[in-house]
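Summary of structural features
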Amino acid sequence: MTAPQHTPKVSEREARQVAEAAREQDWRKPSFAKELFLGRLRLDLIHPHPLPAPDDVERGEAFLAKMRDFCETRVDGRLIERESRIPDEVVNGLKELGAFGMKIDTKYGGQGLTQVYYNKALTLAGSASPAIGALLSAHQSIGVPQPLKLFGTQEQKDTFLPRCARTDISAFLLTEPDVGSDPARLATSAVPDGDEYVLDGVKLWTTNGVVADLLVVMARVPRSEGHKGGITAFVVEADSPGVTVENRNAFMGLRGIENGVTRFHQVRVPAANRIGPEGSGLKIALTTLNTGRLSLPAMCVGSGKWCLKIAREWAGVREQWGRPVARHEAVGAKISFIAATTFALEAMTDLSAQMADEDRNDIRIEAALAKLYGSEMGWLMTDELVQIRGGRGFETADSLAARGERAVPAEQMLRDMRINRIFEGSTEIMHLLIAREAVDAHLSVAGDLIDPDKSLQDKAKAGANAAGFYAKWLPKLVAGPGQLPRSYGEFGPLAQHLRYAERSARKLARSTFYAMSRWQGRMETKQGFLGRIVDIGAELFAISAACVRAEHLRATGENGREAVQLADTFCRQSRIRVEELFTRLWSNTDDLDRKIVGEVLAGSYTWLEEGVLDPSDDGPWIADATPGPAKRDNVHRPIR
């Protein structure tokens, strides 16, 4: 079955141009991660560890206390899982608590929490029920409040933010049945008509969409006289005539989320509800995600903490062959991995959030790395917990309770965690997004050299610029503080790991330069290589964050000895992964994999598929999203 024909047809080059136009072009502030990919360990940007202001701490801790009490007394995670729905009274309780306005300024009725404390609140709420974490995050991290905070007019803020802080739930609508991470093919239209726009189209996977009161909708405005056109963001009232929630989707995990399919048919939206100018929708979405992505690793931190607690308690009492299973090396290694990785992931997330609050650094790469690393490591930690629990890890909490054992929802946590490798940019897309930012400096000075559309004159100019840049930059990659045995001495036993990170950062930059020299314009097709480059950068960022956090805790006397132990162990585990990734940069099966894929798509191996039955039905791969009136009942369910 082919994709619906109304979806715009664009070439690969056109799609890349749309994505490139949407990304932030300038670096007006320093970035630790950007410098890392250029071979410079700018520890001065993150050390000493930045700290929140005392009044922010007081306000944040007061709210966390209320959130903890609410989650302990009024949230039943097993009930949410069993009934695949967050009870209305719980949602209304969260509204009364002010949880929907955590990031909204107090002058609009919100809590005015910093990113650090917003993350901590999501960590806490998500541990009670991941569905509640997703509800709150989708509302504030990418829903109406964040884009209005960054790009809204004062009138829009005055109109919508008080509603979002207390009474209204918001959702973010970008994805379509045939449009995922390739927004150039976005089909939902917004046609200007006087002081209004008329929306038509279908949106898929609208988290909160089933219960939302307000929607952020991305739609394509056609170019016409007086209208620049392009993908544009709008605030849409969910109860507007022509808005229909056609389905409440069900998933392997996060069963309590209100995620749906939303159809727009001749929906009239006031021009006053447009966020930013026409054509700025994707830039608004990407900028919103710069900090919005931090909510996901925050909840992964919560998962790691819970996994550590259960692993400690269970592996200490479960005996095999005369001793607790934790004392068996094979199980102990898993527990060590969970403990050390949880420490490092919290360090990455807190550091990125504090830098976001201070607004001194550009954290677009740091936030993306935290999301990427958090989702991958969070999944691995949860999978290891299931393995530690054995058969009980595969058994549901209700089944465990029914036969008289502690109801530990390990299998649910595994299912809930799986989506994080897809949410807000899949791992594969994150690799490409971060890689593009990582090579930005190179493309800025030498991009025209590999652009086939550039003239010889442009290429000559680019060549001169590149020669000047690399003449200064390359010699700095030869030697650095990482080769001096006393560098970073203030970090004590952790100094060796920072020296390693500094040496590895220069090696990473040299590898990137060599790859660009070798593949030039084909570099963007080497996704396996780029993914490994990004994964190395993520590990080096994690090593740096873990060391800085451990040193901060040691200096303040808060579990300092234990923090140094955890950081040291994490860094040693991470260094093994880094060395493997460096090896795989040049020793891999990427070329063979491409050949196999070609043969698979050509049908050469269909004989290998014989001997099984396919339980799937014969429906279309992609649902028809042709604009038009709804043909199904509206399952929109606002919560009052």
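Here, every reference points to the structure presented above.
Residues numbered from 1 in each chain as written. Predicted model: local features only at pLDDT ≥ 70, side-chain atom pairs only at ≥ 80, totals over all residues. Heavy atoms only, no water.

**Examining the overall build of the protein chain**
A count of helices and strands for the protein chain gives 23 helices and ten strands. Here the C-alpha radius of gyration of the protein chain, 25 Å, is about what a compact globule of 640 residues would show, namely 26 Å. Each of the three principal axes of the protein chain carries a C-alpha extent, and together these read 75 × 70 × 65 Å. In the protein chain, which carries 82 positive and 85 negative side-chain charges, the distance between the mean positions of the two groups comes to 5 Å. (Helix = DSSP H or I, 4+ residues; strand = E, 2+ residues; numbered from the N terminus. Rg over C-alpha atoms; globule rule 2.2 N^0.38 Å. Lys, Arg positive; Asp, Glu negative; His and termini not counted. Charge placed at Lys NZ, Arg CZ, Asp CG, Glu CD.)

**Description of the packing of aromatic side chains**
Counted according to the given criterion, the structure contains eleven aromatic pairs. The cationic tip of K507 hangs over the ring face of F582; the distance from NZ or CZ to the ring centre is 4.3 Å. (Phe/Tyr/Trp six-rings, centres within 6.5 Å; stacked < 30°, edge-to-face > 60°. Lys NZ or Arg CZ within 6 Å of the ring centre and 35° of its normal.)

**What to know about the environment of A21**
Position of A21 among the secondary structure elements: in helix 1 (residues 12–22). Spatially, the C-alpha atom of A21 lies 45 Å from that of T556, the residues being 535 residues apart in sequence.

**A few points about the packing of helix 13 (residues 364–389) against helix 16 (residues 410–418)**
Two elements in contact, helix 13 and helix 16, have axes separated by 9 Å at closest approach and are oriented at 160°. In terms of axis orientation, helix 13 runs roughly antiparallel to helix 16. Every pair of crossing elements has a handedness; the one defined by helix 13 and helix 16 is left-handed. For the pair helix 13 and helix 16, the contacting residues are G378, W379, T382, D383, L385 and V386 in the first and A410, M413, L414, M417 and R418 in the second. Here the contact of helix 13 with helix 16 is composed, by residue class, of seven nonpolar, two polar and two charged. (Axes fitted to C-alpha atoms, helices over the stretch in contact; angles between N-to-C directions. Parallel < 35°, antiparallel > 145°, perpendicular 65-115°, else oblique. Left-handed = near helix turned anticlockwise from the far one by under 90°. Contact = heavy atoms within 4.5 Å. Nonpolar A, V, L, I, M, F, W, Y, C, P; charged D, E, K, R; others polar.)

**Brief notes about a nonpolar patch on the surface**
Taken together, the side chains of I596, V597, V600 and L601 make up a nonpolar region of the molecular surface, amounting to roughly 390 Å² of accessible area. Looking at the element boundaries, V597 is found in helix 23 (residues 590–601). Residue V597 is classed as partly exposed on the basis of its relative accessible area of 46%. (Patch = residues over 30% accessible without salt bridge, like charges linked within 9 Å, V, L, I, M, F, W, Y side chains within 5 Å. Areas by Shrake-Rupley, 256 points an atom, 1.4 Å probe, with all protein chains shown as cover. Salt bridge = Lys/Arg side-chain N within 4 Å of Asp/Glu carboxyl O. Buried < 20%, exposed > 50% of the residue type's maximum accessible area, 1.4 Å probe, protein only.)

**Quick look at the nonpolar core**
In terms of nonpolar packing, the biggest core is built from 131 residues, with M67 and L136 touching the most fellow members. Among the elements that line this core, the one with the most residues is helix 21 (residues 527–556), at 16 residues. Residue contacts for L136: discarding those within four places in its chain leaves M67, L94, A99, F100, M102, Y118, L122 and A125. Judged by nonpolar contacts, the second largest core, of 23 residues, contains F160, L174, A233 and I284. (Core = buried A, V, L, I, M, F, W, Y, C linked by side-chain atoms within 4.5 Å.)

**Things to note about the packing of helix 11 (residues 295–317) against helix 13**
Helix 13 packs onto helix 11 with a crossing angle of 20° between their chain directions and a minimal axis gap of 9 Å. With respect to helix 13, the element helix 11 is oriented roughly parallel. Read as a crossing pair, helix 11 and helix 13 show a hand that is left-handed. Of the residues in helix 13, those in contact with L296, P297, C300, S303, G304, W306, C307, I310, A311, W314 and A315 of helix 11 are A370, K371, G374, S375, M381, T382, L385, I388 and R389.

**Some remarks on the pattern of salt bridges**
The full count for this structure, using the stated rule, is 45 salt bridges. Of the charged contacts in the structure, one is a salt bridge between R637 and E258, with a shortest N-O distance of 2.9 Å. With R637 in the segment after helix 23 and E258 in the loop between strand 6 (243–248) and strand 7 (259–270), this residue pair connects regions lying 379 residues apart in the sequence. Where R403 meets E405, a salt bridge forms, and the shortest distance between an N and an O atom there is 3.1 Å. Classification of R403 by relative accessible area gives partly exposed; the value is 43%. Taking relative accessible area as the criterion, E405 reaches 26% and is therefore assigned partly exposed. Shared partners join several salt bridges into a network, and the residues in it are R85, D88, R248, E258 and R637.

**Details of the pairing of strand 4 (residues 214–221)**
Most of strand 4 is tucked away, with seven of its eight residues classed as buried. Here strand 1 (residues 170–173) runs beside strand 4; their pairing, made up of four bridges, is parallel. Across the sheet, the residue bridging to S170 is L214, located in strand 4. Of the strand pairs in this sheet, strand 4 and strand 5 (residues 230–237) are connected by eight bridges, and their pairing is antiparallel. Bridged to M218 within strand 5 is A233. (Pairing = 2+ DSSP bridges.)

**Re unusual backbone geometry**
Note that the residue after H47, namely P48, is joined by a cis bond; omega there is 0°. Tracing the chain through its elements places P48 in the loop between helix 2 (32–37) and helix 3 (54–74). With a phi angle near 60°, D359 is a residue other than glycine that sits in the positive phi range. Its place among the elements puts D359 in the loop between helix 12 (329–358) and helix 13. On the basis of relative accessibility, which here comes to 48%, the residue D359 falls in the partly exposed class. The backbone of E424 shows a phi angle near 50°, a positive value even though the residue is not glycine. By the element assignment, E424 lies in the loop between helix 16 and helix 17 (427–438). Judged by its relative accessible area of 19%, E424 falls in the buried class.

**Observations concerning the side chain of N290**
The topology assignment puts N290 in helix 10 (residues 281–292). Excluding residues within four positions of it along the chain, N290 makes contact with E24, I363, R364 and A367.

Note that every value here comes from positions in space, so none of it alone points to a role or purpose.
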